[in-house]
Amino acid sequence: MVVAESKPVTEILDMIKECKKVVVAGCKGCVTVCNSGGEKEVGILASELRLARKVAGDDLEVLEYTCERQCDPEYIEPLDDLVKDVDAVVSIACSVGPQYIAARYPFLPVFPGLNTVFIGGAAEHGVWKEYCQACGHCIIGDFGGLCPVTRCAKSLMNGPCGGSSGGKCEVGKGTIDCIWHLIYERLKNLGQLSRLENPWGFKNWSTSRDGGPRTMIREELRK
Amino acid sequence: MTLTAGSKLEKILKSGQKAVTCECGPPRGADAEHFRHKASFLKDCADAVNVTDNQTAVVRFCSLAACRILMDMGIEPVMQMVTRDMNRIALQSNVLGAAALGIKNLLCLTGDHNSFGDHPQAKNVHDLDSVQLLAAVKAMRDDGKMISGTEVVGRPQMFLGAAVNPFADPFEFRVVRMAKKIKAGAQFVQTQCIYDMERFAKFMQMANDMGLTEQCYVLAGVTPFKSVGMANYMKKFVPGMLVPDSYIQRLKGVPKEKQAEEGIKIAVEQIQQLLEMKGVAGIHLMAIEWEEKAPEILKAAGLLPRPQVD
């Protein structure tokens, strides 16, 4: 899923300091799962904003709505009535959400309430880790099913580098696993260490964002 | 003798004589005089001098310019190039430019991660890694092709090197990775600073057993301790650096003003031991910001004067 974290309330307050009335719009997709932008977080953020502005003597009216998803135009539509007389929308979806809202309402300011951080998953309760960089051409089959593009600090295809120590990466002061150590151990367990004997060639990054913003077209699904 | 680039370093190694390389880091500014001053100590004691490429991810004046300065001083450079800051377009361009300027030794590295440097906010590149850079330069040199397949008009004649760190993990994979670098194009390797002689001996044994030392010259990395503080720092804070307590105790056992002298003695002993090891083709002396001591160390180790080659 897309993992996102809340922006500090002070940053959001600064973005909407000129506003008298806003909508806080959540999303029932990934950000609900990672506890940063679902219905519950919409309520919390709305209360925090109201309270902060009340304390400042500058009341703010905050409407609350949580979209089914913000990455589909049809699920943005229910905001139409709510946004009629607001000064801005604060979206707490991943950064796709505010951009869909911006596209639908050309004259309405929209602000992100989250920082979208990565494509990943939960490691334990309250901890999420990055697993994918969406490079557009998955090569993890060559590496025991583990991704060196994303999980090696240097995206090495021919690791591990000299900074691998005791299974940990030199980046992150011992908190990050050296993915190349894990790749090595896994291929050893699978009896496939020979996969690591030859240099891995040049990755084609044109399928990644380096080739320009991407569009995926499935002709059979187009109407 | 078949030569690829015909550098002095290549000739000495191929003649079977022990080679000596030293390291000289460009300054964090445009002060060429300071760089010339440091390099001047290395002129007659190294067969070639490595010029680091923004080492530890700290901005310094560029390796290419520094190599040119060395050449003007009559010193043969080993240009270091890291893949952290440049994509394949810039890397290949710099290799061609370096060859055009007459640089004949190239050390291909991935480089320290930018989070350790003076610009941790920088975007890193890592389009290629060190192994891929070796393969790319080898293909330009031997096949006259760029990564894209575009023909290279005027092939870059480079003697290709790589780094190896026998002290990182997983230990048993270190020789496999070295073999990979050789397959990609490495003709010589320079090792990380060696302090754990036992582990290095094990590494060399494995490299010899795999036949790697017959395909590639190993220059053993030595960095003299200036003080017990430096030894402690390396032990505690430099990842993958194994510093045995025996050296620390030895440095502690002499008065503070004698520690540098003791550090030099240790380095000399290390060099002598390393040169005895099967498969060690030379020494890579990294006297960091202590270049003026290189002649004394190498003389005491019996490595001076350096051989002359045509």
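As the structure is a prediction and not an experimental result, all values here were calculated from the model. (Residues numbered from 1 in each chain as written. Chains lettered and ligands numbered in written order. Predicted model: local features only at pLDDT ≥ 70, side-chain atom pairs only at ≥ 80, totals over all residues. Heavy atoms only, no water.)

## Points about the sheet that holds strand β1 (residues 2–6) of chain A
All names here are of chain A. The three strands are arranged β1-β6-β7 in an open sheet whose pairing can be described as antiparallel. Among the strands making up the open sheet, the edge pair consists of β1 and β7 (127–132). Taken pair by pair, the neighbouring strands of this sheet meet at an average axis angle of 70 degrees, ignoring direction. Inspection of the sheet shows β1 paired to strand β6 (residues 114–124) by five bridges, in the antiparallel sense. Note that in β6 the partner of V2 across the bridge is I119. (Pairing = 2+ DSSP bridges. Helix = DSSP H or I, 4+ residues; strand = E, 2+ residues; numbered from the N terminus. Axes fitted to C-alpha atoms, helices over the stretch in contact; angles between N-to-C directions.)

## Examining the packing of aromatic side chains
One pair of aromatic rings is described through two measures. These are the centre distance and the angle between the planes. Residue and element names in this part refer to chain B. All told, the structure shown has nine aromatic pairs over all chains when counted by the stated rule. Geometrically, the ring pair formed by Y195 and F225 is stacked, given 4.4 Å between the ring centres and 15 degrees between the ring planes. Of the two residues, Y195 sits in the loop between β6 (188–193) and α7 (197–209) while F225 sits in the loop between β7 (217–222) and α8 (228–237), which places them 30 residues apart along the sequence. On the basis of relative accessibility, which here comes to 1%, the residue Y195 falls in the buried class. Residue class for F225 comes out buried when judged on its relative accessible area of 1%. Relative to F203, the ring of F200 lies with its centre 6.2 Å away and its plane at 25 degrees, an arrangement referred to as stacked. Residue F200 and its partner F203 are both found in helix α7; the two are separated by three residues, about one turn of the helix. By relative accessible area, F203 is classed as buried at 1%. (Phe/Tyr/Trp six-rings, centres within 6.5 Å; stacked < 30°, edge-to-face > 60°. Buried < 20%, exposed > 50% of the residue type's maximum accessible area, 1.4 Å probe, protein only.)

## Comments concerning the domain arrangement of chain A
Examined at the domain level, chain A breaks down into domain 1 (2–118) and domain 2 (136–197). Distance from the C-alpha centre of domain 1 of chain A to the C-alpha centre of domain 2 of chain A: 38 Å. (Domains from an automatic or database assignment.)

## Let's talk about the sheet that holds strand β5 (residues 110–112) of chain A
All names here are of chain A. Across the sheet, which stays open at both edges, the four strands sit in the order β3-β2-β4-β5 with parallel pairing between neighbours. In this open sheet, the two strands that pair with only one neighbour each are β3 (61–67) and β5. Here the strands of the sheet are splayed against their neighbours by 25 degrees on average, with no regard to which way each runs. As paired elements, strand β2 (residues 21–27) and strand β4 (residues 88–91) share four bridges and run parallel to each other. Each bridged residue has a counterpart across the sheet, and for A25 the counterpart in β4 is S91. Strands β2, β3 and β4 of the sheet are contacted by helix α3 (residues 39–55), whose axis makes an angle of about 170 degrees with β3. (Contact = heavy atoms within 4.5 Å.)

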